[in-house]
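# A closer look at the structure
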Amino acid sequence: MPILHTHRPHHLALAIALVFGCSEMSHAQLTEPEVTETKPRPVKARKPAKPKPTPQDSVEQHLPDVPVTTAVALIPPDNRQAVPVAVPDPDPLLVEDMIAPKEPSASEGLSAALTPELPAEVMTNAPSVANSLDSDKPGTTQTPKTLANNAAINALLTSNTATAAIALEQLAGASNANLANATLSSVRPVSASMLSTLRELSNDASLQDHSATGHDSNGRVWIQALGNSATLDDKQDDSALRQRTHGVVVGADWSLDNDWRAGVLGGKSQTRLDGVLLDGDLDSWHLGAYALRQSGPLALRLGATYSSHDGTTKRNIAFNGYSDPLKGSYDASSQLVFAEVGYNLGRGALQAEPFASLGYEHYQRDSYREKGGDAALKVDKQTQRNFNSIFGLRLAHRSDLENGMSLTPRMSAGWKHIYGNVSSHVHQTFLVGGESFYVEGIPLDRNSLTLEAGLDLRVSQQHSLSVAYNGEMSSNSHENGVMGQWRMSF
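In what follows, the accompanying structure is described. (Residues numbered from 1 in each chain as written. Predicted model: local features only at pLDDT ≥ 70, side-chain atom pairs only at ≥ 80, totals over all residues. Heavy atoms only, no water.)

## Topic: the nonpolar core
In terms of nonpolar packing, the biggest core is built from 40 residues, with Leu171 and Phe319 touching the most fellow members. In this view, Leu171 contacts Val129, Ala152, Leu156, Ile317, Phe319, Ala375, Leu377, Phe430 and Phe437; residues no more than four positions away in its chain are not counted. Listed in part, the 15 residues of the second largest apolar core include Val190, Trp222, Tyr290 and Leu292. (Core = buried A, V, L, I, M, F, W, Y, C linked by side-chain atoms within 4.5 Å. Buried < 20%, exposed > 50% of the residue type's maximum accessible area, 1.4 Å probe, protein only. Contact = heavy atoms within 4.5 Å.)

This is the structure:
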């Protein structure tokens, strides 16, 4: 692995330029001199009668025991004939022999020293990280001494090209910006369970089966088990973040009058985050309220949830002999609100309902500090909010069984669109020094396909069971969830 020889070891702009720029020396870097490279070959005898070779011809001849050289044609100011000068080839182990040290200007900063040789996903955040560590930036409060004492930065300075790309990606901590999307993905099943309950009430009401759902009675209770998994950015193995959630939700609802029905719910869930650059755990508590207005074939469904999250993260920094396990702990909250309108076009046991819904998602996380070594970060607070709409069609058909039970398969499909900003970002700072820098996480997909398939079994007039699958697929991410529910009317 080549060791970088720089005149100012603390200056990352020069170091990164030497690491990533030495391999890019080319003919284009010499603006006026003409460079030709010759190969060694045996000396051929010349006949005395032939004219004396010109200087250009002499460049083509080498003694077999002379090392390979590079001939540079120097052009005098008076434009006389160029005189070739032999220059020894540079030592590949000495960076200083391959490119003259050049310090970037204040306007360029360290990010200008990075070359397009880095992978695209690294280049998204690497310039911000590098620029934050540039001690010569105008207005910076960073001192060279602080950078020189940073073991992580010293390991970066002595890295080769491949290792430096890995190091910059790890030091950036871009996965911290993905906590918002991962958390919102873990709480969507709670809203889905609420919406599934509202739709089940509409299904039975539209089928004129009030005795099974308790519409003519005062109340109903239900309990639902949740299982959900999601993958963010599944096309990039290095940056993909996967979450698995399981939990339980308990709810109760009652009739307010002939048209309105309202209810509340509470739940608990646990989420595991798995990624190449980040692992974590998330404990969440959920509270919610919902309401249904059923007026003939027209249904209005409303719901809102509030969730409190206690999260932990783990990142392992390891490159060029440097290792630093980092841990973080944070508090966050999220709110989801939706309103859906459906109109039943079916008759009898068949329900065909086109529907349209509007939703709002909001996530907010407090700032926190990682615990570890020189690569530890202070992660600023993060807020993310977006609106979405879903347009789709829902189908259901009830079949009465001979033993008095009824079975209702159902399914729905919809097109979901997210409005506004779909990016996910956060500001961070190295605890040992440096300026704040900005990193981007995995953005949300603007459009996605939502699917639901379920089976409802009415065991008796008081008890019902159901199982359902919920999915959301987009070009870069996907979510899958399974729910099982038991309901009792009284």
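Next comes the rest of the description.
## A look at empty space enclosed by the protein
Applying the stated criterion to the full structure yields 7 cavities of 30 Å³ or more. Of the voids in this model, the largest cavity is the one considered here, and its volume is about 670 Å³. Surrounding the largest cavity, 35 residues form its lining, Arg188, Ala192, Leu195, Ile390 and Glu472 being those nearest its centre. Elements with a contribution of two residues or more to the lining of the largest cavity: α9 (179–206), β9 (322–343), β10 (350–365), β13 (382–397), β15 (406–419), β18 (447–458), β19 (463–473) and β20 (478–489). No other element matches the 7 residues that α9 contributes to the lining of the largest cavity. Taken together, the residues of the lining of the largest cavity sort by class into 14 nonpolar, 12 polar and 9 charged. Here the second largest cavity defines a volume of roughly 200 Å³. Considering the residues around the second largest cavity, the lining is formed by 17 residues, among which Leu444, Glu472, Ser474, Ser477 and Glu479 are closest to the centre. (1 Å grid on protein atoms, 1.4 Å probe; cavity = no way out; pocket = protein on both sides within 12 Å on 5 of 7 lines; lining within 4 Å. Points joined across faces, edges and corners; volume = space filled by probe spheres on them. Helix = DSSP H or I, 4+ residues; strand = E, 2+ residues; numbered from the N terminus. Nonpolar A, V, L, I, M, F, W, Y, C, P; charged D, E, K, R; others polar.)

## Quick word on a negative patch on the surface
Together, Asp283, Asp310, Asp331 and Asp366 line one region of the surface with negative charge. Take Asp310: it is sitting in strand β8 (residues 298–319). Overall, Asp310 belongs to the partly exposed group, its relative accessible area being 41%. (Patch = residues over 30% accessible without salt bridge, like charges linked within 9 Å, V, L, I, M, F, W, Y side chains within 5 Å. Areas by Shrake-Rupley, 256 points an atom, 1.4 Å probe, with all protein chains shown as cover. Salt bridge = Lys/Arg side-chain N within 4 Å of Asp/Glu carboxyl O. Lys, Arg positive; Asp, Glu negative; His and termini not counted. Charge placed at Lys NZ, Arg CZ, Asp CG, Glu CD.)

## Examining the pairing of β20
Side-chain alternation along β20 places Glu479, Gly481, Met483, Gln485, Arg487 and Ser489 on a buried face and His478, Asn480, Val482, Gly484, Trp486 and Met488 on a face that remains uncovered. As paired strands, strand β4 (residues 219–232) and β20 are joined by 12 bridges and run antiparallel to one another. In the strand pairing of β20, Leu226 is matched with Met483. As defined by bridge partners, β19 adjoins β20 across 11 bridges and the pair is classed as antiparallel. Looking at β20, one finds that Val467 is bridged to Gly484. From the end of β19 to the start of β20, which pair antiparallel, there are 4 residues. (Pairing = 2+ DSSP bridges.)

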